[in-house]
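Coordinates in review
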Amino acid sequence: MKIIDSKGRLFGKVNILDLGAITVIVLVLIGIFIVPGPTGSIAQVGSGASDTIELNVLVRGLSVKNAPEFLNSLKDTTVKIIVRNEPSGTLNIESVEELPNYVIASQPDGSVIALPDPRPIVAFSTDMLMLTTGKGQMTNDGAVLANQKIKIGTVLELDGSNYNFRGSVIGVNKRS
């Protein structure tokens with residue numbers, strides 16, 4: 001009896017191409033469910049969130065009815081953050097600073113300078129800079145909060161009891 005017959009069957013019973021396809025499917029299933037382990041993600045950082053991470057968050061063009069009152073209500077509060085559409089823990093808002101509006105003015109010599117905007121304040125729109133802190137881990141590759149890498153340029157969604165807006169990280173530091 002031949003091992004592979006003229007029709008490509010192994011021992012006259014199983015087609016060798018079918019056997020190869022079944023082997024590939026079994027190996028893929030093993031790779032998906034067994035190799036990464038039960039946690040599902042390979043890129044997780046250890047659970048030891050021992051460092052205090054400072055984030056400077058810039059918010060531009062936030063539509064709010066009474067900006068000074070709203071900015072005062074944000075100070076010394078805790079806010080939930082969402083990074084890349086995934087809840088990523090909380091941050092403490094240490095300080096909030098309203099940023100002035102500037103306009104670019106060209107000069108007679110051809111240079112340009114930034115001057116405070118002389119127009120009335122744009123209604124219901126404000127820019128602010130927030131200093132926030134949270135427990136995380138500073139690695140060689142940057143800060144990690146709730147298993148999310150946070151770097152300059154990362155967009156954070158801040159979610160509170162009566163607000164939800166986005167800001168961009170412009171500074172990441174480890175508080176000493």
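Residues numbered from 1 in each chain as written. Predicted model: local features only at pLDDT ≥ 70, side-chain atom pairs only at ≥ 80, totals over all residues. Heavy atoms only, no water.

Glancing now at the environment of D127. Along the polypeptide, D127 turns up in strand β8 (residues 125-139). With relative accessibility at 11%, the residue D127 sits in the buried group. A polar side-chain atom of D127 sits 2.6 Å from the main-chain amide nitrogen of G61. (Helix = DSSP H or I, 4+ residues; strand = E, 2+ residues; numbered from the N terminus. Buried < 20%, exposed > 50% of the residue type's maximum accessible area, 1.4 Å probe, protein only. Polar contact = N/O pair within 3.5 Å; in protein donor to acceptor, adjacent residues only side chain to side chain.)

A few words now on the packing of aromatic side chains. Tallying each qualifying case throughout the model produces three aromatic pairs. Between the aromatic rings of F70 and Y163, the centroid separation amounts to 5.6 Å while the plane-to-plane angle is 85°, which identifies the pairing as edge-to-face. With a gap of 93 residues between them, F70 in helix α2 (residues 67-74) and Y163 in the loop between β11 (155-159) and β12 (164-174) connect regions that are remote in the sequence. The buried category is assigned to F70, whose relative accessible area is 14%. What makes Y163 buried here is its relative accessible area of 16%. For the ring pair Y163 and F165, a centre distance of 5.6 Å and an interplane angle of 35° mean the geometry is tilted. Taking relative accessible area as the criterion, F165 reaches 6% and is therefore assigned buried. Grouped by ring-pair contacts, the aromatic residues F70, Y163 and F165 constitute a single cluster. (Phe/Tyr/Trp six-rings, centres within 6.5 Å; stacked < 30°, edge-to-face > 60°.)

We now examine the nonpolar core. Counting 27 residues, the largest nonpolar core has L55, F70, L74, M128, M130, L156 and F165 as the members making the most contacts within it. Those elements that provide at least two residues to this core are β3 (51-63), α2, β4 (77-83), β5 (86-99), β8, β9 (142-145), β11 and β12. Per-element accounting of this core gives the leading share, five residues, to β3. Discounting residues that sit within four places of it in the chain, M128 has contacts with V57, L58, V59, L62, F70, L71, L74, V96, E97, E98, L99 and F165. (Core = buried A, V, L, I, M, F, W, Y, C linked by side-chain atoms within 4.5 Å. Contact = heavy atoms within 4.5 Å.)

This part is about a nonpolar patch on the surface. Side chains of I22, V24, I25, V26, L27, V28, L29, I30, I32, F33, I34 and V35 sit close together on the surface and give an oily, nonpolar patch of about 1200 Å² of accessible area. Note on placement: V26 falls in helix α1 (residues 16-33). (Patch = residues over 30% accessible without salt bridge, like charges linked within 9 Å, V, L, I, M, F, W, Y side chains within 5 Å. Areas by Shrake-Rupley, 256 points an atom, 1.4 Å probe, with all protein chains shown as cover. Salt bridge = Lys/Arg side-chain N within 4 Å of Asp/Glu carboxyl O.)

Summarising the sheet, β4 and β5 pair through six bridges and their orientation is antiparallel. Within β5, the position partnered with V79 by the bridge is L91. With antiparallel pairing between neighbouring strands as the criterion, β4 and β5 make up a hairpin whose turn holds two residues, including R84 at a positive phi of roughly 55°. Bridge count for β5 against β8 is seven bridges, and the pairing is antiparallel. Across the sheet, the residue bridging to V96 is M130, located in β8. (Pairing = 2+ DSSP bridges.)

This part takes up the pairing of strand β7 (residues 112-116). For strand β6 (residues 102-106) and β7, the ladder comprises five bridges, and the chain directions are antiparallel. Across the sheet, A105 pairs through a bridge with I113, a residue of β7. Hairpin connection between β6 and β7: a loop of five residues separates the two successive antiparallel strands, and G110 in this loop has a positive phi of roughly 95°.

The values reported here are purely geometric and, on their own, carry no functional implication.
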